[in-house]
Amino acid sequence: KMQGAGQKQNLYSNSEIKSKNVDDSKKVFKKEFINTINLLLNNNFKISIFKQVPQHKYWIPNEYMKYQIFKGDLNDIKRKKNEYLLRVKFLNEIFESLDKNKINYLDPSNILCDEDYCYAIKNNYPLYRDYNHFSIYGLNEIEKLFYDLK
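Reading the values: rules and limits
- Sequence order as written defines residue numbering, which begins from 1 separately in each chain.
- Whole-chain, interface and lining totals are the exception, using all residues; otherwise, since this is a predicted model, local features are given only for residues with pLDDT of at least 70 and side-chain atom pairs are given and counted only at 80 or more.
- Calculated side-chain values reflect all of the structure's heavy atoms, with hydrogen atoms and water omitted.
- Should a side-chain nitrogen of Lys or Arg be within 4 Å of a carboxyl oxygen of Asp or Glu, the pair is scored as a salt bridge.
- Numbering of helices and strands starts at the N terminus; helices are DSSP runs of H or I of at least 4 residues and strands are runs of E of at least 2.
- Relative accessibility thresholds used throughout: buried, under 20% of the residue-type maximum; exposed, over 50%; partly exposed, between the two (1.4 Å probe, protein chains only).
- Disulfides are defined as cysteine sulfur pairs within 2.5 Å.

**Q** Go over the pattern of salt bridges, please, and point to the residues and values.
**A** Using the criterion set out here, one finds 7 salt bridges in the structure. With a closest N to O distance of 3.9 Å, Glu93 and Lys89 form a salt bridge. Of this pair, Glu93 and Lys89 both sit in helix α4 (residues 89-96), 4 residues apart, which is roughly one turn of that helix. In this structure, Glu96 engages Lys100 in a salt bridge whose closest nitrogen and oxygen atoms are separated by 3.9 Å. On the accessibility criterion, Lys100 (42% relative accessible area) is partly exposed.

Here it is in C-alpha cells:
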C-alpha cells in the first residue's frame, strides 16, 4: 500500500510480536504467511499465488489521454522493471522460501514486462484502470496465466 504524508502506517502483529516498526511487521507477516501456506498444503489444498502486479507511478488513463492529445508515443508509458522488482523483493523472497513444486505462481510481469520495462499500454489500449488495477484490456492480456493451472 502506498503511504502519503501524514498517513498512519499499518503494522502486522501477532501474539509473539507487537510490531513497533516495519521490520517487526515484516517478520510477523512472513511467519504468518508461511504458516498459513503450510497449513493449507498439509491439508491437501491446491494453492495458486498471483504475484504482485507491476505498479505504475501514474494514473494510466490520465497519462493515456495526455499522450493522445499531445501526440506522445504511448509506448513511453512504462516503468523500469528494476523498480518493480525492488518493490516486490520482500514478497518474492517469501515465495522463494516455499515449496515451488506444490504451489502455482501466476506472474503478470511475465506478460506485462520485458527485460527492461513494464508497460501500461499494449496495442494502443491501456492495461490499467488506475496505477495498478487492470482494465478489461489488461485482464484479457493476463487471462492466459490461468489456463494451465494444475
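**Q** Describe the state of the cysteines, with residues and values.
**A** This model, assessed by the stated rule, comprises 1 disulfide. Two residues share a disulfide in this structure: Cys113 and Cys118, whose sulfurs sit 2.1 Å from each other. Measuring the twist about the S-S bond at about 100°, one finds the Cys113-Cys118 disulfide to be right-handed. With relative accessibility at 13%, the residue Cys113 sits in the buried group. Judged by its relative accessible area of 1%, Cys118 falls in the buried class.

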